[in-house]
There are 10 protein chains.
Amino acid sequence: MEFLVHTEVNIPHGLYTQAEIDEIYAKEAERGRELGDAGIIKRLWRIPGRRANYGLWEAADATELHKILSALPIYPFIDVEVIPTAAHPSDPQTRDRA
Amino acid sequence: MEFLVHTEVNIPHGLYTQAEIDEIYAKEAERGRELGDAGIIKRLWRIPGRRANYGLWEAADATELHKILSALPIYPFIDVEVIPTAAHPSDPQTRDRA
Amino acid sequence: MEFLVHTEVNIPHGLYTQAEIDEIYAKEAERGRELGDAGIIKRLWRIPGRRANYGLWEAADATELHKILSALPIYPFIDVEVIPTAAHPSDPQTRDRA
Amino acid sequence: MEFLVHTEVNIPHGLYTQAEIDEIYAKEAERGRELGDAGIIKRLWRIPGRRANYGLWEAADATELHKILSALPIYPFIDVEVIPTAAHPSDPQTRDRA
Amino acid sequence: MEFLVHTEVNIPHGLYTQAEIDEIYAKEAERGRELGDAGIIKRLWRIPGRRANYGLWEAADATELHKILSALPIYPFIDVEVIPTAAHPSDPQTRDRA
Amino acid sequence: MEFLVHTEVNIPHGLYTQAEIDEIYAKEAERGRELGDAGIIKRLWRIPGRRANYGLWEAADATELHKILSALPIYPFIDVEVIPTAAHPSDPQTRDRA
Amino acid sequence: MEFLVHTEVNIPHGLYTQAEIDEIYAKEAERGRELGDAGIIKRLWRIPGRRANYGLWEAADATELHKILSALPIYPFIDVEVIPTAAHPSDPQTRDRA
Amino acid sequence: MEFLVHTEVNIPHGLYTQAEIDEIYAKEAERGRELGDAGIIKRLWRIPGRRANYGLWEAADATELHKILSALPIYPFIDVEVIPTAAHPSDPQTRDRA
Amino acid sequence: MEFLVHTEVNIPHGLYTQAEIDEIYAKEAERGRELGDAGIIKRLWRIPGRRANYGLWEAADATELHKILSALPIYPFIDVEVIPTAAHPSDPQTRDRA
Amino acid sequence: MEFLVHTEVNIPHGLYTQAEIDEIYAKEAERGRELGDAGIIKRLWRIPGRRANYGLWEAADATELHKILSALPIYPFIDVEVIPTAAHPSDPQTRDRA
């Protein structure tokens, strides 16, 4: 099942050193690569001008999706909105399978 | 350039016969198939419970995108929000090209 | 998979006779009973003071849920928001199964 | 009387040790189990991607509900919206009692 | 149980004669008087500049409240928000009863 | 003149000891009792699940109301929305005086 | 007592002839002049680009204000928000009177 | 003085023939060209996917701007938001004049 | 040119001594008096229950207005919304000048 | 491709010395000048009363725009909304090129 996931990152000022912040982002990038390799993150788009993104995620259901999202290194610093999606009969990628 | 496009359909009650409405949807489905074949609509997801969708569209720029959207058979009846996207370094589909 | 579904009904004034409206509601009540018997609608709560409700729906995924919602007799007159839910470790009904 | 309760958790960064936070969640989980056993929390759903949930709570009235909510270990850190519900004639669980 | 009820009236233009509208309001005023006499509407305040009001309603629970609201002559034309209230320890009217 | 007053309390974490917070609330409760005795606070309802309330206040005008509100012990920690009210012809408490 | 009053005008298309609309506006302008002469409307500002305005109104209280607003020729076609105001100690017009 | 002006066009369905609508747009385009030639409309951007635009308008003040906007052929069908702008010290076009 | 200016004051807790806060307000009151004497602030209304106000300001244009607002002693602590106003033909104070 | 960019600046109180803040703004002003010289920032307007602006930016696409925005000295302190724009047939600056 595919989900559109809208994520906004907000690390509060004054609590972490730049090295700590860099490490959070490095771990997140590494974890993102693994999730991409595993086919769980299928697409990721930056929202221009923001520390934010839209992603296309694949998971068995919302429970599995939550397990993955809540284990992200950046999880304590993100605000996430999960948008459920249903198959669209005109979706180019799936329409000929039905 | 890729755009996320959020579309809500609203055909007002009482102005069109069911046959007219069916024809609008049939033409739209046909046009959607052409845009999918042309690689302009790359993905389309239904928002469950609504006559609405999110789509991933490819166009040279916002001007070309508008030209295509405003020529849709369903255009007089839709409310559209275009969300611009920038490349994300962790996007699985594009990360190894850079 | 369980979904919370928020539905607002709005039948425009002046387009339907009272008999037509009564028939829509009668068909909807009948269909609602079938969906309840089938375990698809598990709970339904009226939002006081409104032609609106929250429901707890069970479906294989959002695609199946959309198919069911879009076939409701009242579908042309409702505004629907689907809220995806993940399992909660403290949910009394499911916690001891895991 | 049943209430839908929407809860968002927000423990501010930088004020508590991880051990303190873990203890808050442990106490909350324990209290949640007691409330589930007592039939006060009837259902609990995680909002995917968030430290947030929807719950179905049973209480004599809003006053009793407030007493229970405001005594939760997590109460100082939550933002709560209580949605009152009325019986719906098509609710599968209650329709045949009337 | 007391509820604060926020009501906005909207009778669409062009569908009813002035006599019909006057009759709706007359019936509503009469019904309002009965509900006041019965202690169900305890207070009613006009929102200045609008066909709208806040009311303090007393009902056994939200189900009874909905039954009363949905039977109002003006019900087809109102948008209602029910705000549940819990007893406040400093409420002058109830504090000495506890 | 009566006003509906919606108040949300927010004492920031980490700046005050529990004893200081308790003292603020104790002073507020004492002041609330005085205002109730004086007929200035006529009713007070807790918003369930929140440190928040709706109140029915009586004051000569908005200037006097502001003077009273801004002198509350809890004033530095509250967000207040004042809703002006006009007499409603169907208000049970005032309708027979006119 | 002074009130800031925000008014948006919306006369629906297709129900009135231009002559009828012109007459509504003419009556409203005439009534506005009377209210200005009476010192009830003290100031009136157009919101640029809209059939809308902010006004500074003087009335004994919200009840009197509502009586005047609801008798305006344009009343059936306006959406009104009344903003109560309290005296400000630095208001140039009133500060030296206190 | 420069203003950013956000305009959304909404011609209701079912009230005008296509010829009438075409004529409104033709007159508007002609008037837009005149305003561009006069230096009043300095820039105009389409909001993609919508009958809407942002414009950069020059006028002596908001009063003159309103006079121009409210005389547009399309004025009965638009929703306009005027955003006032102040000179920015880093604006490339004006920074060296100061 | 007149502007309606909506200002909300928010001095964060825990960063300033009461003496420092008092000094900010004292300077602001003094500056407000000067601006009132100069005819720049023409009216000022407190929003009841809040550290907030609406003001009627006179300035040559938005650039001059910004210069004055951004030099206020309280400027680092305020959230400001400037509402541009156009002359209204029924404004009692200006209608006879035109 | 042109973008309208809405930027709100928010440097939290209590974390930086005035000298540090001044340095951020000085660097930003310098960088803004460079971007103006390079034709990337084409226009910049202050939102009156706020540390905020609207800008007209030119970039190859949203990816390039994000790269530039995220490298601004002020980037850690801004909230940015990018509004995509399409060519408008009545835009005075581009209409005669087509």
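See the structure printed just above.
A brief structural summary.

Conventions we followed
Residues numbered from 1 in each chain as written. Chains lettered and ligands numbered in written order. Predicted model: local features only at pLDDT ≥ 70, side-chain atom pairs only at ≥ 80, totals over all residues. Heavy atoms only, no water. Contact = heavy atoms within 4.5 Å. Buried area = accessible area lost by both parts, 1.4 Å probe. Salt bridge = Lys/Arg side-chain N within 4 Å of Asp/Glu carboxyl O. Helix = DSSP H or I, 4+ residues; strand = E, 2+ residues; numbered from the N terminus. Expected span 1.5 Å × (residues − 1). Buried < 20%, exposed > 50% of the residue type's maximum accessible area, 1.4 Å probe, protein only. Arc of directions from axis to C-beta. Least-squares fit on C-alpha atoms with pLDDT ≥ 70 in both. Polar contact = N/O pair within 3.5 Å; in protein donor to acceptor, adjacent residues only side chain to side chain. Nonpolar A, V, L, I, M, F, W, Y, C, P; charged D, E, K, R; others polar. Pairing = 2+ DSSP bridges. Axes fitted to C-alpha atoms, helices over the stretch in contact; angles between N-to-C directions.

## Looking at the interface of chain I and chain G
- Each partner contributes residues to the interface: chain I has 31 residues there, and chain G has 31 residues.
- Interface of chain I and chain G: buried area, both sides summed, is about 2800 Å²; carbon and sulfur atoms make up 56% of it.
- The largest per-residue losses of area from chain I upon contact with chain G belong to Arg 43, Trp 45 and Arg 46 of chain I, which jointly make up 22% of the total buried on that side.
- Taken together, the connections running from chain I to chain G amount to 6 salt bridges.
- Across the pair Asp 37 of chain I and Arg 95 of chain G runs a salt bridge, and its minimum N-O distance is 2.3 Å.

## As for helix H1 (residues 18-37) of chain B
All names here are of chain B.
- Taking 1.5 Å of rise per residue, the 20 residues of H1 would be expected to cover 28 Å, and the 29 Å separating its terminal C-alpha atoms lies within 8% of that figure.
- Three or more residues of H1 are buried, namely Ile 21, Ile 24, Glu 28, Gly 32, Leu 35 and Gly 36. Projected down its long axis, H1 shows its buried positions confined to an angular sector of 100 degrees, all on one face. Those residues of H1 that are exposed and angled more than 90 degrees off the buried face are Ala 19 and Asp 37.
- Contacts made by the buried residues of H1 are with strand E2 (41-46), strand E3 (52-58) and helix H2 (62-69).
- Once H1 ends, the next one or two residues include Gly 39, with phi positive near 75 degrees.

## Let's talk about the environment of His 66 of chain F
- If you trace the backbone, His 66 of chain F turns up in helix H2 (residues 62-69).
- A relative accessible area of 11% places His 66 of chain F in the buried class.
- Sequence-wise, His 66 of chain F and Asn 10 of chain F are 56 residues apart; in three dimensions their C-alpha atoms are separated by 19 Å.
- Setting aside chain neighbours within four positions, we find His 66 of chain F in contact with Tyr 75 of chain F, Ala 86 of chain G together with Arg 46, Ile 47, Pro 48, Gly 49 and Arg 50 of chain I.

## Quick notes on the relation of the copies chain F and chain E
- Superposition record for chain F on chain E: RMSD 0.0 Å, screw rotation 180 degrees, translation along axis 0.0 Å. Overall, the copies show the geometry of a two-fold rotation axis.

## A word on the interface of chain F and chain E
- Facing the 31 residues of chain F at the interface are 31 residues of chain E.
- For the pair chain F and chain E, the two sides together bury roughly 2800 Å², of which 56% comes from carbon and sulfur.
- Counting the surface chain F buries against chain E, the share from its top three residues, Arg 43, Trp 45 and Arg 46 of chain F, is 22%.
- The interface formed by chain F and chain E contains 6 salt bridges.
- Remark: the boundary between chain F and chain E carries 14 residue pairs in polar contact (both at pLDDT 80 or more).
- Put simply, the parts of the chain that give the side of chain F that touches chain E at least two residues each are strand E1 (2-9), helix H1 (18-37), strand E2 (41-46), strand E3 (52-58), strand E4 (78-84) and strand E5 (86-87) of chain F.
- A total of 6 residues in the side of chain F that touches chain E trace back to one element, the largest contributor, which is E2 of chain F.
- Along the lines of polarity and charge, the residues of the side of chain F that touches chain E split into 14 nonpolar, 8 polar and 9 charged.
- The pairing of strand E2 (residues 41-46) of chain E with E5 of chain F spans 2 bridges and is classified as antiparallel. From the neighbouring strand, Arg 46 of chain E faces E5 of chain F, where its bridge partner is Ala 86 of chain F.

## Focus: the sheet that holds strand E5 (residues 86-87) of chain J
- Read from one edge to the other, the open sheet built from 5 strands follows the order E4(H)-E1(H)-E3(H)-E2(H)-E5(J), with strand pairing classed as antiparallel. A strand with exactly one partner marks an edge of an open sheet, and here the two such strands are strand E4 (78-84) of chain H together with E5 of chain J.
- Sheet topology note: the strand E1 (residues 2-9) of chain H/E4 of chain H ladder contains 7 bridges and is antiparallel. The partner of Val 9 of chain H across the bridge, within E4 of chain H, is Ile 78 of chain H.
- Along the sheet face, helix H2 (residues 62-69) of chain H touches E1, strand E3 (52-58) and E4 of chain H and points at about 30 degrees away from the line of E1 of chain H.

## Comments concerning the relation of the copies chain I and chain G
- Superposing chain I onto chain G requires a rotation of 180 degrees together with a translation of 0.0 Å along the rotation axis, leaving an RMSD of 0.0 Å.
- Counting the interface residues of chain I, we find that 100% of their copies in chain G are interface residues as well, pointing to one common contact surface.

## Regarding the pairing of E2 of chain B
Residues and elements named next belong to chain B.
- The buried fraction of E2 amounts to 5 of the 6 residues, a majority that puts the element mostly inside the structure.
- Of the pairings in the sheet, the one linking E2 to E3 comprises 5 bridges and is antiparallel in character. By the bridge assignment for E3, Leu 44 is matched with Gly 55.
- The turn joining E2 and E3, which pair antiparallel and follow one another in sequence, is formed by 5 residues; a positive phi near 85 degrees is taken by Gly 49.

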